[in-house]
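Observations on the model geometry
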Amino acid sequence: MNYNINNIPTRTTKPREQGFTMVMDKGLSTRQAEDMIETCGDCIDIVKLGWATSYVTANLDKKLDVYRNAGIPVYLGGTLFEAFIIRNQFDEYRRVLDKYNLSHAEVSDGSITMDHEKKCEYIRILKEQVTVLSEVGSKDAAEIIPPYKWIELMQKELDAGAWKVIGEAREGGNVGLFRSTGEVRSGLVQEILTQIPMEKVLWEAPQKEQQVYFIKLLGANVNLGNIAPNEVIPLETIRLGLRGDTFDFFLNGGGQ
Amino acid sequence: MNYNINNIPTRTTKPREQGFTMVMDKGLSTRQAEDMIETCGDCIDIVKLGWATSYVTANLDKKLDVYRNAGIPVYLGGTLFEAFIIRNQFDEYRRVLDKYNLSHAEVSDGSITMDHEKKCEYIRILKEQVTVLSEVGSKDAAEIIPPYKWIELMQKELDAGAWKVIGEAREGGNVGLFRSTGEVRSGLVQEILTQIPMEKVLWEAPQKEQQVYFIKLLGANVNLGNIAPNEVIPLETIRLGLRGDTFDFFLNGGGQ
Amino acid sequence: MNYNINNIPTRTTKPREQGFTMVMDKGLSTRQAEDMIETCGDCIDIVKLGWATSYVTANLDKKLDVYRNAGIPVYLGGTLFEAFIIRNQFDEYRRVLDKYNLSHAEVSDGSITMDHEKKCEYIRILKEQVTVLSEVGSKDAAEIIPPYKWIELMQKELDAGAWKVIGEAREGGNVGLFRSTGEVRSGLVQEILTQIPMEKVLWEAPQKEQQVYFIKLLGANVNLGNIAPNEVIPLETIRLGLRGDTFDFFLNGGGQ
């Protein structure tokens, strides 16, 4: 940090198992990726190239080099995985991971219906090739999965070999873990935490109020994802109790 | 594209008459314009320098060079045209187009009241100098133009020589084609399409839900405008059925 | 300006006492700061490194050089001042200002409770070191300060030596001067103006409608702050009557 302020929450350091920040890159240029790393490379633990944006962007190789040189792993959004699966192109998907030398991949079923045993089978196969993040929760706002089911799905996916399980929110933060208004489904979150260790969950939380909720519930070192590039620095200040939203919370002994 | 996915909707290619994307540049730097082109120059058919931002930006010549070198035409927002007209400076406006070597121009009356025959006269004069896009719809949310009138205005402006007619939405997507909530005036859109060929209309649709609406109604190759620079790649994935919003739609044979 | 348009409101020029624009930098890269200056350095009077973002950003020295070379003063957000104060580290805060060679500083009490005489004492001390901006208004939406109290606080802070007093809004524009919906507390603003000269107030107004409100009330040369980097150019066009929102206003003699 640039100067000394007393009594700041202790942050974990890279490579983090807890307290990591996943950034959503939905089409950054090479320079924009470099710029984001310049401002705080240590704040960025992993980058997701959102849904199938990697299919379209003309600068994919160059941008992957930037992230690789900064030591930041990259994975392709789950919707891309699903786009290959629904077309019976799983082997081609695996070759894409190899072609771009990717170390991580997401397995999800947010846009398609997939037998859960089959989903776990994909996790088991892919974990031999890469580190797997698996996602629970539908992109369809009308499809409400009850808490006991979230827990069951998450547990089975971790058992199948997922490194972390992701709680779905989309870029907007208005499905899955959240109501259409963006409000946290707080009962769901707390029930999940009775069974699944917090370090195993990556909570997608694109909106500031959602980030504040999780930091107040679980402390500075909660795993948060779908963070927009220009919100990386603001999020870090919220984690440290240096923005109005969590200013009092940490001073009053919160997060201990 | 970077790898093969089967059964992707066929996109038209540049120079496009259908399926083109108009990006709203409201003050990009030279590098930001270059960055946008790097990520997908083929996705950007035309750039609008929003309203009168070109009057203020200090980097106008350099930025126009960037777009010119990328083969992307640029036009100045309609509000600038109106600012000249209301001050009886039409000739000076025409000289501005020449000074900056612009190939396209917009004729609109969203902020001023203009006799429609006079508007068509401006189209007829300008089309001798540049390719003209004309815009229908008021920036005043309270001014509701009935569908039959939209059609009449659009038809007359095409007859006067407009290359495309633009359906107004502003940067916010909350007037003209849309209600103040951003909801599409669907009856209006469908009635317009009974009379005006879809390739002649450029629909301003800055919000994701609005883009999804038009793509589901008219397919991957609908003309969309007022796209923010960081939404160019996301829009392209929606056109291709590679984002959750249109994932099922194209798989189920939509857009055929 | 790039070409001539008649009857444009006269803007003050740098260094401005009135009509200045304060930009909120919440974590820009060095290049992004350069880019913002390229598009209109003359439009940017002062930059705030929002709340405590300067504690986190790894590029602080380099970015400060960019602003310094462009002749744009920088100050650190008030929440950072408060973070030092609540920890009894005021002297260390003063050393930070010196270390980074800063010419301006903010004194605020938006996140902590501070005796007002004590706040004025901080202003008196700091004004010997830097130019002081002091802020009135809580970040807590539930804490409504009545207008007579705003006036009393502002007057005392100016008397203590503040160069300008800032009306609080946060990044979101939903506290202090504004209701939680973003609507201006118009009675409050107008009552303040009966007692405090407009050139002494810097109104935080991040939302477009808020900017339009102040420009229609006080003319092109009102002091506005918390402007996002990509809204600097749009704001300048609103000041000049060259965007739909104030197009009629200035033509009809408004702002005189």
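Everything below is about the structure printed above this text.
Residues numbered from 1 in each chain as written. Chains lettered and ligands numbered in written order. Predicted model: local features only at pLDDT ≥ 70, side-chain atom pairs only at ≥ 80, totals over all residues. Heavy atoms only, no water.

**A look at the relation of the copies chain B and chain A**
- Between chain B and chain A, the superposition needs a rotation of 120 degrees and an axial shift of 0.0 Å, giving an RMSD of 0.0 Å. On this basis, the relationship between the two copies can be described by a three-fold rotation axis.
- The fraction of interface residues of chain B whose copies in chain A are also interface residues is only 3%, indicating that the copies meet through different surfaces. (Least-squares fit on C-alpha atoms with pLDDT ≥ 70 in both. Contact = heavy atoms within 4.5 Å.)

**Focus on the relation of the copies chain B and chain C**
- Screw-axis analysis of chain B against chain C gives a translation of 0.0 Å along the axis, an RMSD of 0.0 Å, and a rotation angle of 120 degrees.
- In this assembly, only 3% of the residues forming the interface of chain B have copies in chain C that are likewise at the interface, indicating a heterologous arrangement.

**Quick notes on the interface of chain B and chain C**
- Contact residues are listed per partner, giving 35 residues for chain B and 30 residues for chain C.
- Both sides of the chain B and chain C interface together cover about 2900 Å² of buried area, and 55% of this is carbon and sulfur.
- Area buried by chain B at its contact with chain C is led by B:Tyr55, B:Val56 and B:Arg87, which between them contribute 28% of it.
- Our enumeration of links across chain B and chain C arrives at six salt bridges. (Buried area = accessible area lost by both parts, 1.4 Å probe. Salt bridge = Lys/Arg side-chain N within 4 Å of Asp/Glu carboxyl O.)

**As for the interface of chain B and chain A**
- Each side of the interface is counted separately: chain B has 30 residues, and chain A has 35 residues.
- Of the roughly 2900 Å² buried between chain B and chain A, counting both surfaces, carbon and sulfur atoms make up 55%.
- Counting across the interface, chain B meets chain A through six salt bridges.
- Residue B:Glu38 is joined to A:Lys62 by a salt bridge in which the shortest nitrogen-to-oxygen separation is 3.8 Å.

**Description of the nonpolar core**
- With 248 residues, the main nonpolar core has A:Phe214, B:Phe214 and C:Phe214 as its most contacted residues.
- Look past the residues within four positions of C:Phe214 in its chain and what remains in contact with it is C:Leu177, C:Phe178, C:Val189, C:Trp203, C:Ala205, C:Gly219, C:Val222 and C:Leu224. (Core = buried A, V, L, I, M, F, W, Y, C linked by side-chain atoms within 4.5 Å. Buried < 20%, exposed > 50% of the residue type's maximum accessible area, 1.4 Å probe, protein only.)

**As for the pattern of salt bridges**
- Counting across every chain of the model gives 70 salt bridges over all chains.
- Between A:Glu17 and A:Lys164 there is a salt bridge; the shortest N-O distance is 2.9 Å. Here A:Glu17, found in the segment before strand E1 (21-25), pairs with A:Lys164, found in strand E6 (residues 164-167); they are 147 residues apart in sequence, far enough to count as distant.
- Residue classification places A:Glu17 among the partly exposed positions, given a relative accessible area of 43%.
- Owing to a relative accessible area of 0%, A:Lys164 belongs among the buried residues under this scheme.
- When salt bridges that share partners are traced, they join A:Lys26, A:Arg170, A:Glu171, B:Lys208, B:Glu231, B:Arg243 and B:Asp245 into one network. (Helix = DSSP H or I, 4+ residues; strand = E, 2+ residues; numbered from the N terminus.)

**Digging into the sheet that holds strand E2 (residues 46-49) of chain C**
Residues and elements named next belong to chain C.
- In space, the eight strands of this open sheet follow the order E3-E2-E1-E8-E7-E6-E5-E4, with parallel pairing throughout. Every interior strand has two partners, whereas the edge strands, strand E3 (74-76) and strand E4 (104-107), have only one. Strand-to-strand twist of the sheet, defined as the mean angle between neighbouring strand axes without regard to direction, takes the value 25 degrees.
- Strand direction decides the pairing type here: strand E7 (residues 201-204) and strand E8 (residues 224-227), joined by two bridges, are parallel. Among the inter-strand pairings, Glu 204 is bridged to a residue of E8, identified as Gly 225.
- Across the sheet, helix H9 (residues 208-218) lies against E7 and E8, angled at about 170 degrees from E8, the strand it touches most. (Pairing = 2+ DSSP bridges. Axes fitted to C-alpha atoms, helices over the stretch in contact; angles between N-to-C directions.)

**Thoughts on the sheet that holds strand E3 (residues 74-76) of chain A**
All names here are of chain A.
- Spatially, eight strands are ordered E3-E2-E1-E8-E7-E6-E5-E4 in an open sheet, and the strand pairing comes out parallel. Lying at the two open borders of the sheet, with one neighbouring strand each, are E3 and strand E4 (104-107). Geometrically, the sheet is characterised by an average inter-axis angle of 25 degrees between neighbouring strands, direction not taken into account.
- Pairing geometry for E4 and strand E5 (residues 131-136), over four bridges, is parallel. Counted as the bridge partner of Glu 106 is Leu 133 from E5.
- Helix H3 (residues 60-69) contacts E1, strand E2 (46-49) and E3 of the sheet and is inclined by roughly 165 degrees relative to E2.

**Some details on empty space enclosed by the protein**
All names here are of chain B.
- On inspection of all chains with the given rule, the structure shows three cavities of 30 Å³ or more.
- Size it by volume and the largest cavity reaches roughly 160 Å³.
- In this structure, the largest cavity is lined by 18 residues; those nearest its centre are Met 24, Lys 48, Trp 51, Thr 79 and Lys 139.
- Tallied by class, the residues present in the lining of the largest cavity amount to two nonpolar, seven polar and nine charged.
- Residue composition of the lining of the second largest cavity, grouped by class: two nonpolar, five polar and nine charged. (1 Å grid on protein atoms, 1.4 Å probe; cavity = no way out; pocket = protein on both sides within 12 Å on 5 of 7 lines; lining within 4 Å. Points joined across faces, edges and corners; volume = space filled by probe spheres on them. Nonpolar A, V, L, I, M, F, W, Y, C, P; charged D, E, K, R; others polar.)

**So, the packing of aromatic side chains**
All names here are of chain A.
- Scanning the model with the defined rule gives 39 aromatic pairs over all chains in all.
- Plain terms: the ring middles of Phe 178 and Phe 214 are 6.4 Å apart, the flat faces sit at 90 degrees to each other, and that makes the pair edge-to-face. Of this pair, Phe 178 sits in the loop between E6 and helix H8 (186-195) while Phe 214 sits in helix H9 (residues 208-218), placing them 36 residues apart in sequence. No difference in accessibility class separates Phe 178 from Phe 214, as the two residues are buried. (Phe/Tyr/Trp six-rings, centres within 6.5 Å; stacked < 30°, edge-to-face > 60°.)

**Observations concerning the pairing of E2(C)**
Residues and elements named next belong to chain C.
- Of the two faces of E2, the one lined by Ile 46 and Lys 48 and the one lined by Val 47 and Leu 49 are each fully buried.
- As defined by bridge partners, strand E1 (residues 21-25) adjoins E2 across four bridges and the pair is classed as parallel. Paired with Val 23 across the strands is Val 47, a residue of E2.
- The parallel pair E1 and E2 is bridged by helix H1 (residues 30-40), and the resulting crossover is right-handed.
- In this sheet, E3 lies alongside E2 in parallel orientation, the contact comprising three bridges. In the strand pairing of E3, Lys 48 is matched with Tyr 75. (Right-handed = clockwise from strand over helix to strand, strands pointing away.)

**Notes on the side chain of A:Arg185**
- Relative to the helices and strands, A:Arg185 is located in the loop between E6 and H8.
- When sequence neighbours within four positions are dropped, the list of residues in contact with A:Arg185 reads A:Ile144, A:Ile145, A:Trp150, A:Gly176, A:Leu177, A:Phe178 and A:Arg179.

**What to know about the state of the cysteines**
Residue and element names in this part refer to chain A.
- Evaluated as defined, the whole model comprises three disulfides over all chains.
- For Cys 40, the disulfide goes to Cys 43, at an S-S distance of 1.9 Å. Residues Cys 40 and Cys 43 are joined by a disulfide whose S-S torsion is about 65 degrees; by sign, that bridge is right-handed. (Disulfide = S-S within 2.5 Å.)

**Examining helix H5 (residues 90-99) of chain C**
Residue and element names in this part refer to chain C.
- Every buried residue of H5 is listed here: Phe 90, Tyr 93, Val 96 and Leu 97. End-on, the buried residues of H5 take up no more than an arc of 110 degrees, which puts them together on one face. Turned more than 90 degrees off the buried face of H5, the exposed positions are Arg 95, Asp 98 and Lys 99.
- Just past H5, the residue Asn 101 takes up positive phi, approximately 60 degrees. (Arc of directions from axis to C-beta.)

**Regarding unusual backbone geometry**
Residues and elements named next belong to chain B.
- The residue after Lys 14, namely Pro 15, is reached through a cis peptide bond having omega -10 degrees.
- Within the fold, Pro 15 resides in the segment before strand E1 (21-25).
- For Asn 101, which is not glycine, the phi dihedral falls at a positive 60 degrees.
- Looking at the element boundaries, Asn 101 is found in the loop between helix H5 (90-99) and strand E4 (104-107).

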